[in-house]
Amino acid sequence: MPRTSKKGAPDSKSVSTNSASFTGGVKAAKPSGDAVASSLTRATDSTDDSLQFVTPAVRERLARLGIFRLADLVLHLPLRYEDETTLVAIADAVSGTSVQVEGKVVETKVEFRPRRQLVCRIEDDSGTLTMRFFNFYPSQQRALATGARVRLIGEIRQGFFGAEMIHPRFRTLRVEVPLPDALTPVYPTTAGLSQDSLRKLVARALRDTDLSETLPEPIRQQIGLEPFVDAVRLLHQPPQQVDAVSLQERTHSAWQRLKFDELLAQQLSMRLHYQRRSRQRAPVLRSHSGLPRQLAESLPFGLTGAQLRTLDEIRGDLARPHPMQRLLQGDVGSGKTIVAALSALQAIESGYQVAVMAPTEILAEQHYRKFAHWLVPLGIEVAWLSGSVRKKERDEALEQLASGNTTLAIGTHALFQEQVVFRNLGLAIIDEQHRFGVRQRLMLRMKGAAKNAQPHQLMMSATPIPRTLAMSFYADLDVSVIDELPPGRTPVVTKLVADSRRDEVLARVRDACASGRQAYWVCPLIEESEALQLQTAMDTYERLQREFSELKIGLVHGRMRSAEKAAVMDAFQSGTVQLLVATTVIEVGVDVPNASLMVIEHAERMGLSQLHQLRGRVGRGAQSSACILLYQSPLSELARERLRIIYENSDGFEVARLDLKLRGPGEILGARQSGVPMLRFADLESDIKLLETARSVAADLVASHPDLVECHLTRWLGGRQEYLRV
Ligand code: ADP
Ligand code: MG
């Protein structure tokens, strides 16, 4: 079969069936690679970017890697590089290091003790070495027949019988095969797709796809990046003299170029997205300042400087004829709700309706209560819509909304169901926006305002978004930050307490409640089973009732009917209930200033932002507050790190930044990521400089090089561009 391997190994015969090169351990063998190799020789139209020339099976495997076009292969960059350029004499190989050796098979046999394994002894001029395989194919056993020449690569160690390699990657050589003169790329792959097949596909892609430059020459030179074509060639086929360390560590200038391009693609798509939206129409909601002023004057407190500033930003947006897309960020307790209410009044005053959406019943209910408390005295009708509102009341509320009699609707997901029709929705306020998917928010926007216009959107989040995330994944939103807490708050003292010292914690709860304050007891999160979580909550509730016979204790969990939930929350709010046992349903938004103590059981199971949110439920009044994190030993490395972070940091932004470092952006972005391409190469922490540059270059390109923008986005996002249109 006419194989063509660039590194000149025309006669090497692979041991496993799938590759002319090293096999990825003995186990990966499936004959599919040959299909790729042979189909590659059937040259097809070279301007075609599709992968029609490979078999459907291979196409399916490539798809699993996110490769749908020839061009995608160019950006399928090596995970790492293997140094196959030198051979080490067996006797010189240092134990514990990865080396390449070559020798002749002196014996191959299957042993059964301690377990079935293929044992093959080879020798070179300096000594002997044993290879062991616990999974192997008969073909591999045959290939390793006595007398065969093999070249193998793997970690060497000193076993009982001398030098050993367990599952080395190897190939047999029928004739002298020169060593490659450059590093060998190792690609991310999937079962049934060999490295060799990938290398050949990539080589073809480098030859046949458009690698033209997408940066204007002056800009490229000014920011000091190398040409795209040079960078990808180098990364896929590193020349002999390349600096191996910077290549491996991805600090090489070629990597810089690729990371930059990736960030640039993200910036460009966000920017276009933003532009597209800002060309749409929205009702102009002018500030007459009558109602907002009335509300502000009725408050028992004055707004903080940060609240006033963010409110100004929002008001400015609302008065423009294009839909606002603003994210209002502020740590827990920073006072976002009143800013939202004042914004709502501006819309209402202009004759438009407002929808306020929250992710949980408890939170929506609480918003309802607050908004009603603030707005009903001003003569504004507030409707409450959740999944659990009874049909009759619901129908009534719907009618009022459709007729426009009700100007403000508050609810959960129920708000964007089909039956909900607004007469003229002017502003949608979405609390804890990261809990909602892109699509859900879109649906609310579809509820439309006047003809051909979209409502303005105000999103709120208490999960602070680190600056780098805001600059990248949230670049399509305008952001306002409340960076100041209302005065008179006392910081929450966080304590880490091992579960074995539970008694001391019980005593503290008793003391706090005895002195007229209130406490939360948060039950452990049990991710695997909601039923089990519920059970645990019930058990905890009963146990604590026995423990504190003198206290009035309440229980809330996600499975209660909302009327029951509301009754318990009411009782806690008014102080009738002193200790509230709760599942993590109280994580967001709940606001009871007299509660000054929180106990979180099995804190080690919770994520950082969750802990921070929970902790934010206390420290809302003037008295000193504490949050006790009960944990069960032993702690995993990650859990220990999380608890350390939450213990040492009270600033939500810092917690979020460290969380980002710990987990990467994927999980923090939550629902949002469904519409946003993730970063494969760039890292938001370490590539912040590149990100900043990409941001300003993106602005330039969009303004003056639309053709290059198109070309760049096609290269990087291909079919996924559509997704961003939402
Ligand atoms: P969050 O930003 O977490 O949603 P809230 O809007 O629930 O915070 O506000 C937390 C508490 O602070 C509420 O009781 C609210 O009435 C109060 N609050 C808001 N703004 C101020 C202010 N400027 N001064 C004093 N208290 C305020
Ligand atoms: Mg809130």
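Residues numbered from 1 in each chain as written. Chains lettered and ligands numbered in written order. Predicted model: local features only at pLDDT ≥ 70, side-chain atom pairs only at ≥ 80, totals over all residues. Heavy atoms only, no water.

A. Main features of the environment of Ser624. Summarising the element assignment, Ser624 is placed in the loop between α20 (608-615) and β22 (625-631). Between the alpha carbons of Ser624 and Pro491 there is a distance of 7.1 Å; along the sequence they are 133 residues apart. The contacts of Ser624, once residues within four sequence positions are left out, are Thr490, Arg517 and Ser596. (Helix = DSSP H or I, 4+ residues; strand = E, 2+ residues; numbered from the N terminus. Contact = heavy atoms within 4.5 Å.)

B. Broad picture of the site of ligand 1. Lining the immediate environment of ligand 1, one finds 17 residues, of which Gly333, Lys336, Thr337, Arg489 and Asp591 sit closest. Measuring from a nitrogen atom of ligand 1, one finds a backbone N or O atom of Gly302 at 2.9 Å. In the model, an oxygen atom of ligand 1 is placed 2.6 Å from a nitrogen or oxygen of the Gly333 main chain. Isolated, ligand 1 exposes 570 Å² of accessible area, and the fraction of that covered by the protein chains is 86%. Taken together, the residues of the shell around ligand 1 break down into four nonpolar, seven polar and six charged. (Near = heavy atom within 4 Å. Polar contact = N/O pair within 3.5 Å; in protein donor to acceptor, adjacent residues only side chain to side chain. Areas by Shrake-Rupley, 256 points an atom, 1.4 Å probe, with all protein chains shown as cover. Nonpolar A, V, L, I, M, F, W, Y, C, P; charged D, E, K, R; others polar.)

C. Quick look at the packing of aromatic side chains. Going through the model one piece at a time under the given rule, you end up with six aromatic pairs. With centroids separated by 6.0 Å and ring planes inclined at 50 degrees, the aromatic side chains of Trp255 and Phe681 adopt a geometry described as tilted. Taken together, the residues Trp255 in helix α9 (residues 253-278) and Phe681 in the loop between α23 (665-669) and α24 (688-704) connect sequence positions 426 residues apart. Taking the relative accessible area as the measure of exposure, Trp255 reaches 0% and is therefore buried. Taken together, a centroid distance of 6.3 Å and an interplanar angle of 65 degrees make the contact between Phe371 and Trp374 edge-to-face. Taken together, the residues Phe371 and Trp374, both in helix α13 (residues 361-375) and three residues apart, mark about one turn of the helix. For Phe371, a relative accessible area of 1% corresponds to the buried category. (Phe/Tyr/Trp six-rings, centres within 6.5 Å; stacked < 30°, edge-to-face > 60°. Buried < 20%, exposed > 50% of the residue type's maximum accessible area, 1.4 Å probe, protein only.)

D. Region of interest: the side chain of Ser269. Following the sequence through the fold, Ser269 ends up in helix α9. In terms of polar contacts, Ser269 uses its side chain to reach the backbone carbonyl oxygen of Gln266, at 3.2 Å.

E. Structural view of the sheet that holds strand β14 (residues 425-430). Reading across from one edge, β12-β13-β11-β14-β15-β10-β16 is the order of the seven strands in this open sheet, with parallel pairing throughout. Bordering the open sheet on either side are β12 (382-385) and β16 (478-482), each of which pairs with just one other strand. In this sheet, neighbouring strand axes are inclined to one another by 20 degrees on average, regardless of whether the strands run parallel or antiparallel. Bridge count for strand β11 (residues 353-357) against strand β13 (residues 408-411) is four bridges, and the pairing is parallel. When the bridges of β13 are listed, Met357 appears paired with Gly411. (Pairing = 2+ DSSP bridges. Axes fitted to C-alpha atoms, helices over the stretch in contact; angles between N-to-C directions.)

F. Layout of unusual backbone geometry. In this structure, Pro114 follows Arg113 across a cis peptide bond, with omega equal to 0 degrees. Looking at where Pro114 falls in the secondary structure, it is placed in the loop between β2 (98-111) and β3 (117-123). A positive phi is found at His167, a non-glycine position, where the angle reads about 45 degrees. Since its relative accessible area comes to 25%, His167 is described here as partly exposed. Positive phi values are uncommon outside glycine, yet His602 reaches one of about 50 degrees. Tracing the sequence through the fold places His602 in the loop between β21 (595-600) and α20. Note on His602: relative accessible area 16%, which makes it buried.

G. Quick peek at the side chain of Asp431. For Asp431, the location among the structural elements is in the loop between β14 and α15 (438-446). Although Asp431 is buried, it forms no salt bridge, and the closest oppositely charged side chain is Lys336 at an N-O distance of 5.9 Å. Within the local environment of Asp431, its side chain forms a polar contact with the side chain of His367, the two groups lying 2.6 Å apart. (Lys, Arg positive; Asp, Glu negative; His and termini not counted. Salt bridge = Lys/Arg side-chain N within 4 Å of Asp/Glu carboxyl O.)

H. Just the environment of Leu206, in detail. Looking at the secondary structure, you find Leu206 in helix α5 (residues 195-208). For Leu206, a relative accessible area of 5% puts it in the buried group. The spatial distance from the C-alpha of Leu206 to the C-alpha of Leu70 is 8.8 Å, given a sequence separation of 136 residues. Once residues lying within four places of it in the same chain are set aside, the contact partners of Leu206 are Val74, Leu211, Val232, Arg233, His236 and Gln237.

I. Fine view of the packing of α20 against helix α22 (residues 652-663). Packing of α20 against α22 leaves a shortest axis separation of 9 Å and a crossing angle of 165 degrees. With respect to α22, the element α20 is oriented roughly antiparallel. In the crossing of α20 with α22, the sense of the turn from one axis to the other is right-handed. Judged by residue contacts, Leu608, Ser609, His612 and Arg615 of α20 engage Gly652, Val655, Asp659 and Leu662 from α22. A per-class count over the contact of α20 with α22 returns three nonpolar, three polar and two charged. (Parallel < 35°, antiparallel > 145°, perpendicular 65-115°, else oblique. Left-handed = near helix turned anticlockwise from the far one by under 90°.)

J. Highlighting α13. In a regular helix each residue adds 1.5 Å, so 15 residues correspond to 21 Å; α13 covers 20 Å between its end C-alpha atoms and thus fits that length. Most of α13 sits out of view: eleven of its 15 residues are buried. If you check which residues of α13 are buried, you get Glu361, Ile362, Leu363, Ala364, Glu365, Gln366, His367, Phe371, Ala372, Trp374 and Leu375. (Expected span 1.5 Å × (residues − 1).)

K. Main features of the sheet that holds β21. In space, the six strands of this open sheet follow the order β17-β22-β21-β18-β20-β19, with parallel pairing throughout. Looking at the sheet topology across the chains shown, the edges are occupied by β17 (492-498) and β19 (553-556). Recorded for the sheet is a direction-independent mean angle of 20 degrees between the axes of neighbouring strands. Taken together, the five bridges between strand β18 (residues 518-522) and β21 define a ladder with parallel strand orientation. Its bridge partner lying in β21, Tyr520 is registered against Met598.

L. Local environment of the pattern of salt bridges. By the definition in use, this model includes 35 salt bridges. Where salt bridges share partners, they join Arg309, Glu313, Asp317, Arg320, Arg326 and Asp483 into one cluster.

M. View of the pairing of β3. Of all seven residues making up β3, five are buried, and the element is well covered by its neighbours. Counted between consecutive antiparallel strands, the loop separating β2 from β3 contains five residues. Examined bridge by bridge, β3 and strand β4 (residues 128-133) share six bridges and lie antiparallel to one another. Residue pairing for β4: Val119 is matched across the bridge by Arg132.

N. The arrangement of the nonpolar core in detail. In this structure, Leu62, Leu73, Leu235, Leu258 and Leu264 are the most contacted members of the largest nonpolar core, which totals 77 residues. The element that contributes the greatest number of residues to this core is α9, accounting for eight residues. The residues contacting Leu264, other than those within four sequence positions of it, are Leu215, Ala694, Val697, Ala698, Leu701 and His712. Ranked by size, the runner-up nonpolar core spans 41 residues in total, among them Leu285, Val339, Ala344 and Leu378. (Core = buried A, V, L, I, M, F, W, Y, C linked by side-chain atoms within 4.5 Å.)

Purely geometric numbers; function is a separate question.
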